[in-house]
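The residues making up each chain are set out below.
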Amino acid sequence: MAEIPPYPGAPRWVKISAIIAGVLVLLVVILLLVGGGQHGPGRHLAANGADAETQADAQPQGDAR
Amino acid sequence: MTLTGRLRKLVLTAHVATSVGTLGAVAVFLVLSVVGLASEDAQLVRAVYPAMDLTARFVIVPSIFASLLIGLVQSLATPWGLFRHYWVLAKLLLTVLTIIVLLLQLDGIGYMAAVAAERELSSNDLLGLRRSLRFHAVGGLPVLLLTTTLSVYKPRGVTRYGWRKQHERAAPLPAADS
């Protein structure tokens, strides 16, 4: 059986894509860490179903009387 | 087993149909998510979220799983293989990533549909979740476009495993239409 020629390595598009993917993964990890490790729809929801922004809007701004 | 002739074309057609179908369904989902955020018509907003839920569960999820399954059969039953060419491997990774993100979104989509079915939504209601659905649809679309582009252009490059297999068998490369 003939000897297999040496592997020429990954093409440039693969290397560039791998770098971009690595940066994106790093970015997601950083965002997850900054966001307190919570990700997913649950983080937007409070116990009563309203999200944090809605609740903030619903807070009374002072005594209306 | 190796796919040949008509069967190979049939499997290819099914793969293209399911992959491009997923892309189209995600585009529809994106439009609905934008309407859900931007429209001032309360009835329209209430209708949008159940429609998004149906689109996700009965079109996007089945079509992307079918696309993955058919793609696996296609790669394993043709000389392309699953781990021999970088573009095939990239497609596999991107599709699996998309499926994971999609499955993680289903609870939120279902929740929005349930809330919209119960009551009217003000422009500030569940804003974070509604924006999240739009954000993930915006992210999913280029990923699916990328997998489609890889399928058409089939950029050169074999993996180390593919290189070894190619030279062990000294088999010719498959036809460009496979």
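Residues numbered from 1 in each chain as written. Chains lettered and ligands numbered in written order. Predicted model: local features only at pLDDT ≥ 70, side-chain atom pairs only at ≥ 80, totals over all residues. Heavy atoms only, no water.

### Comments concerning the overall build of chain B
Stated precisely, the cut-off is as follows: Numbering of helices and strands runs from the N terminus; a helix is a DSSP stretch of H or I covering at least four residues, while a strand is a stretch of E covering at least two. When we talk radius of gyration, it's over C-alpha atoms, and the globule rule is simply 2.2 Å times the number of residues to the 0.38.
When its secondary structure is counted, chain B shows five helices and zero strands. Across chain B, helices and strands are ordered from the amino to the carboxyl terminus as α-α-α-α-α. Radius of gyration (C-alpha) of chain B: 20 Å, far over the 16 Å computed for a compact globule of 178 residues. Across its three principal axes, chain B shows a C-alpha extent of roughly 65 × 30 × 20 Å.

### Some details on the side chain of Thr22 of chain B
Residues and elements named next belong to chain B. Rules: The cut-offs for exposure are 20% and 50% of the maximum accessible area for each residue type, with area from a 1.4 Å probe on protein chains only; residues under the lower value are buried, those over the upper are exposed, and the others partly exposed. We define a polar contact as two N or O atoms separated by no more than 3.5 Å, with the added condition that, inside protein, one atom must be a possible hydrogen donor and the other a possible acceptor, whereas residues neighbouring each other in sequence contribute only through side-chain atom pairs. Every residue pair with non-hydrogen atoms within 4.5 Å of one another is taken to be in contact.
Relative to the helices and strands, Thr22 is located in helix 1 (residues 5–38). Exposure remark for Thr22: the relative accessible area of 1% places this residue in the buried category. Within the local environment of Thr22, its side chain forms a polar contact with the backbone nitrogen of Ile64, the two atoms lying 3.5 Å apart. Excluding its chain neighbours within four sequence positions, the residues that come into contact with Thr22 are Ile60, Ser63, Ile64 and Leu144.

### Considerations on helix 4 (residues 127–153) of chain B
We apply this condition: Here the expected span of a helix is defined as 1.5 Å times the quantity of residues minus one.
Taking 1.5 Å of rise per residue, the 27 residues of helix 4 of chain B would be expected to cover 39 Å, and the 40 Å separating its terminal C-alpha atoms lies within 8% of that figure. Lys154 of chain B, located one to two residues past helix 4 of chain B, shows a positive phi value of around 45 degrees.

### Focus: the packing of helix 3 (residues 86–118) of chain B against helix 4 of chain B
The description of two helices packed together rests on the angle between their axes and the distance between the axes. Residues and elements named next belong to chain B. This is how it is decided: To get an axis, a line is fitted to the C-alpha atoms, and for a helix only the part in contact is used. The angle between two axes follows their N-to-C directions and goes from 0 to 180 degrees. Any angle that falls under 35 degrees is termed roughly parallel, while one over 145 is termed roughly antiparallel, one within 65 to 115 roughly perpendicular, and all others oblique. For any helix crossing, the convention is left-handed if the near helix is rotated counterclockwise from the far helix by under a right angle, and right-handed if that rotation is clockwise. For this classification, Asp, Glu, Lys and Arg are treated as charged, while Ala, Val, Leu, Ile, Met, Phe, Trp, Tyr, Cys and Pro are nonpolar and the rest, including Gly, are polar.
Interaxial distance between helix 3 and helix 4 falls to 10 Å at its minimum, and their mutual angle equals 160 degrees. In this view, helix 3 runs roughly antiparallel relative to helix 4, as classed from their interaxial angle. In this structure, the crossing between helix 3 and helix 4 has a hand that is left-handed. Here helix 3 contributes Trp87, Ala90, Lys91, Leu94, Thr95, Thr98, Val101, Gln105, Gly108, Ile109, Tyr111 and Met112 to the contact with helix 4, which in turn contributes Leu129, Arg130, Ser132, Leu133, His136, Val143, Leu144, Leu146, Thr147, Leu150 and Ser151. Taken together, the residues that form the contact of helix 3 with helix 4 break down as 13 nonpolar, eight polar and two charged.

### Looking at the confidence of the model for chain A
Spelled out, the test is: Confidence of the predictor at the level of single residues is captured by pLDDT, which takes values from 0 to 100.
In this model, chain A carries an average pLDDT of 71, and 51% of its residues clear a pLDDT of 70 or more. Contacts of residues 46–65 of chain A to residues separated by more than four positions or lying in other chains number 23 contacts, the stretch itself having pLDDT below 50.

### Focus on the environment of Trp87 of chain B
Considering the arrangement of structural elements, one finds Trp87 of chain B in helix 3. Taking C-alpha positions, Trp87 of chain B is 7.6 Å from Ser151 of chain B, a pair spaced 64 residues apart along the chain. If we skip the residues at most four places from it in the chain, Trp87 of chain B touches Trp13 of chain A together with Trp80, Leu150, Ser151, Lys154 and Pro155 of chain B.

### Points about the pattern of salt bridges
Residue and element names in this part refer to chain B. The condition is simple: Throughout this description, the term salt bridge denotes a Lys or Arg side-chain nitrogen within 4 Å of a carboxyl oxygen of Asp or Glu.
Counted by the stated rule, this structure contains three salt bridges over all chains. Across the pair Asp53 and Arg57 runs a salt bridge whose closest N-O atoms are separated by 2.6 Å. In this pair, Asp53 and Arg57 both sit in helix 2 (residues 42–76), four residues apart, roughly one turn of the helix. A residue is classified by how much of its surface remains accessible, and Asp53, at 15% relative accessible area, is buried. Arg119 is the partner of Asp125 in a salt bridge, and the nearest nitrogen-oxygen pair spans 2.8 Å. A residue is classified by how much of its surface remains accessible, and Arg119, at 33% relative accessible area, is partly exposed.

### Focus: the nonpolar core
Formally: We call a set of buried Ala, Val, Leu, Ile, Met, Phe, Trp, Tyr and Cys residues a nonpolar core when their side-chain atoms join them within 4.5 Å.
One finds Phe29, Tyr49, Met52, Met112 and Leu121 of chain B to be the most contacted residues of the largest nonpolar core, which totals 36 residues. Of all the secondary structure elements, the ones that give two or more residues to this core are helix 1, helix 2, helix 3 and helix 4 of chain B. The element contributing the most residues to this core is helix 3 of chain B, with eleven residues. Residues contacting Leu121 of chain B, with those up to four places away along its chain left out, are Val45, Tyr49, Met112, Val115, Ala116, Leu126 and Arg130 of chain B. Counting residues in hydrophobic clusters, the runner-up holds five residues, among them Tyr7 and Val14 of chain A together with Tyr86 and Val158 of chain B.

### Focus: the packing of aromatic side chains
Residue and element names in this part refer to chain B. Convention followed: Aromatic rings from Phe, Tyr and Trp, with only the six-membered ring used for Trp, were paired whenever their centres fell within 6.5 Å, and each pair was classed as stacked if the ring planes differed by under 30 degrees, edge-to-face if by over 60, and tilted otherwise.
Counted according to the given criterion, the structure contains two aromatic pairs over all chains. Between Trp80 and Trp87 the ring centres are 5.2 Å apart and the planes differ by 80 degrees, which places this aromatic pair in the edge-to-face class. The pair Trp80 / Trp87 is uniform in exposure class, with both members buried.

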